[in-house]
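Here are the chains, one letter per residue:
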Amino acid sequence: VSYPSIVGEMLASGFGIMGFSWICSPACTELEVVVMDWLAKFLNLPEHFLHENEGPGGGVIQGSASEAVLVAVLAAREQAVRRLRLSQPELSESEIRGKLIAYSSDQSNSCIEKAGVLAAMPIKLLPAGADLVLRGDALKQAIEQDVAAGLIPVICIASLGTTGTCAYDDIESLASVCEQNEVWLHVDAAYAGGAFALEECSELRRGLERVDSLNFNLHKFMLVNFDCAAMWLRDANKVIDSFNVDRIYLKHKHEGQTQIPDFRHWQIPLGRRFRALKVWITFRTLGAEGLRAHIRKHITLAKQFEDLVKADERFELIAPRALGLVCFRAKGDNELTSQLLQRL
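Criteria and thresholds
Residues numbered from 1 in each chain as written. Predicted model: local features only at pLDDT ≥ 70, side-chain atom pairs only at ≥ 80, totals over all residues. Heavy atoms only, no water. UniProt positions renumbered as here; feature names shortened; annotations may be inferred. Buried < 20%, exposed > 50% of the residue type's maximum accessible area, 1.4 Å probe, protein only. Salt bridge = Lys/Arg side-chain N within 4 Å of Asp/Glu carboxyl O. Helix = DSSP H or I, 4+ residues; strand = E, 2+ residues; numbered from the N terminus. Pairing = 2+ DSSP bridges. Right-handed = clockwise from strand over helix to strand, strands pointing away. Axes fitted to C-alpha atoms, helices over the stretch in contact; angles between N-to-C directions. Parallel < 35°, antiparallel > 145°, perpendicular 65-115°, else oblique. Left-handed = near helix turned anticlockwise from the far one by under 90°. Contact = heavy atoms within 4.5 Å. Nonpolar A, V, L, I, M, F, W, Y, C, P; charged D, E, K, R; others polar. Polar contact = N/O pair within 3.5 Å; in protein donor to acceptor, adjacent residues only side chain to side chain.

### A few points about the UniProt feature "modified residue: N6-(pyridoxal phosphate)lysine" (unreviewed entry) in the protein chain
Stage number 1. Look at the UniProt record and you will see "modified residue: N6-(pyridoxal phosphate)lysine" (unreviewed entry) annotated at Lys-220.
Stage number 2. Residue classification places Lys-220 among the partly exposed residues on the basis of a relative accessible area of 31%.

Following this line, the structure appears as structure tokens:
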């Protein structure tokens, strides 16, 4: 966390904004539109994720990666149900919902499996390769088996930076399979997404132009305090259509204007905090280069620690170093590593 972020948090709390629609606080909505485009450019994301471009894409600040993943899962589910009710009218809505299935890696974060529970849609955890990477061939095989069994594939949640080892799923091969099967592709880059901003890590961005949505936590790598998770959508209308509930007390004369989103349609709760303020102050105070330097410092520290582990015959690495993460263990029985963990 950084002091600019704390200042922004204090100001936002003092203002007491409940910014579910533009008219509640124009600054809350409009600053979020600005900073989400700043972030997209900072991370070198595809242009269709920017609010300023023509098209239905854009970014929103969620509370956590768990919320972002759940939003993607729910939106993909509802879009699949609507599509199938048109293409297969002989099926009832309950029959369709009972056949839906989603996919992710067995290395993915627990919030993905939880999203399946909350969405009442099974998420099949596919075995990653020996390098702990999920690739398109595993997804293709699972989809073919499930379709043959009468199930309906809905969404695949890929990980860029898995929780255990910071492994990167193969987005391009997964995208090819998803495109062939009308499956939503979401990328959970909660930790590793910050490295998109570094040219030396540009390979991590391969395939992002083909995904439907992605999320990245600013409270990891970006010196913004919890809670602050950025989410981008290729077509925000798919989320809005899935979640839209209108009441007379929510209406205002500026509804539906392209550059003035009502972010209540993009999230689970109705009310929302002025999180964009702490992002704006952090960017304005530390600058893009200051944030890049902070990320590079994490990576440099990890390299130093990796060298120390390699130089000590009592320990061994169990996965390649990735960004700021070094996975190591004490040689010998696992009990030694457990004891070391407890002492630490």
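Having seen it, we continue.
### So, the pattern of salt bridges
Stage number 1. By the definition in use, this model includes 22 salt bridges.
Stage number 2. With its nearest N and O atoms 2.6 Å apart, the salt bridge here joins Arg-292 to Glu-289. Highlighted residues: Arg-292 and Glu-289, both in helix H9 (residues 276–311), separated by three residues, approximately one helical turn.
Stage number 3. A residue is classified by how much of its surface remains accessible, and Glu-289, at 53% relative accessible area, is exposed.
Stage number 4. Close ionic contact of Glu-306 with Arg-321 constitutes a salt bridge, the shortest N to O distance being 3.0 Å. Taken as a pair, Glu-306 in helix H9 and Arg-321 in the loop between strand S8 (315–317) and strand S9 (328–330) lie far apart in primary sequence, 15 residues in all.

### Thoughts on the pairing of strand S2 (residues 100–105)
Stage number 1. Counting buried residues along S2, six of its six residues qualify, which places the element largely inside the surrounding structure.
Stage number 2. Side chains Leu-100, Ala-102 and Ser-104 of S2 all project onto a buried face; the interleaved residues Ile-101, Tyr-103 and Ser-105 project onto the opposite face, where all are buried too.
Stage number 3. The sheet contact formed by S2 and strand S4 (residues 152–159) spans five bridges and is parallel. Looking at S4, one finds that Ala-102 is bridged to Ile-155.
Stage number 4. In the sheet, S2 pairs with strand S3 (residues 123–126) via four bridges, with the strands oriented parallel. Looking at the pairing, Tyr-103 lines up with Lys-124 of S3.
Stage number 5. Once the chain exits S2 it traverses helix H5 (residues 110–118) before rejoining the sheet at S3, and the crossover so formed is right-handed.

### Considerations on the packing of helix H1 (residues 3–15) against H9
Stage number 1. The geometry of H1 relative to H9 is characterised by a closest axis approach of 8 Å and an angle of 150° between their N-to-C directions. As summarised for this structure, H1 and H9 are arranged roughly antiparallel, according to the angle between their axes. Along this stretch, H1 crosses H9, giving a crossing that reads as right-handed. Of the residues in H9, those touching H1 at Tyr-3, Pro-4, Ser-5, Val-7, Gly-8, Glu-9, Leu-11, Ala-12 and Phe-15 are Leu-277, Lys-278, Ile-281, Thr-282, Thr-285 and Leu-286.
Stage number 2. Per-class residue counts for the contact of H1 with H9 are nine nonpolar, four polar and two charged.

### A closer look at the environment of Arg-314
Stage number 1. With respect to the helices and strands, Arg-314 occurs in the loop between H9 and S8.
Stage number 2. Residue Arg-314 is classed as exposed on the basis of its relative accessible area, which comes to 55%.
Stage number 3. Along the chain, Arg-314 and Cys-24 lie 290 residues apart, while their C-alpha atoms are 59 Å from each other.
Stage number 4. Side chain to side chain, Arg-314 and Asp-312 meet in a polar contact 2.7 Å long.

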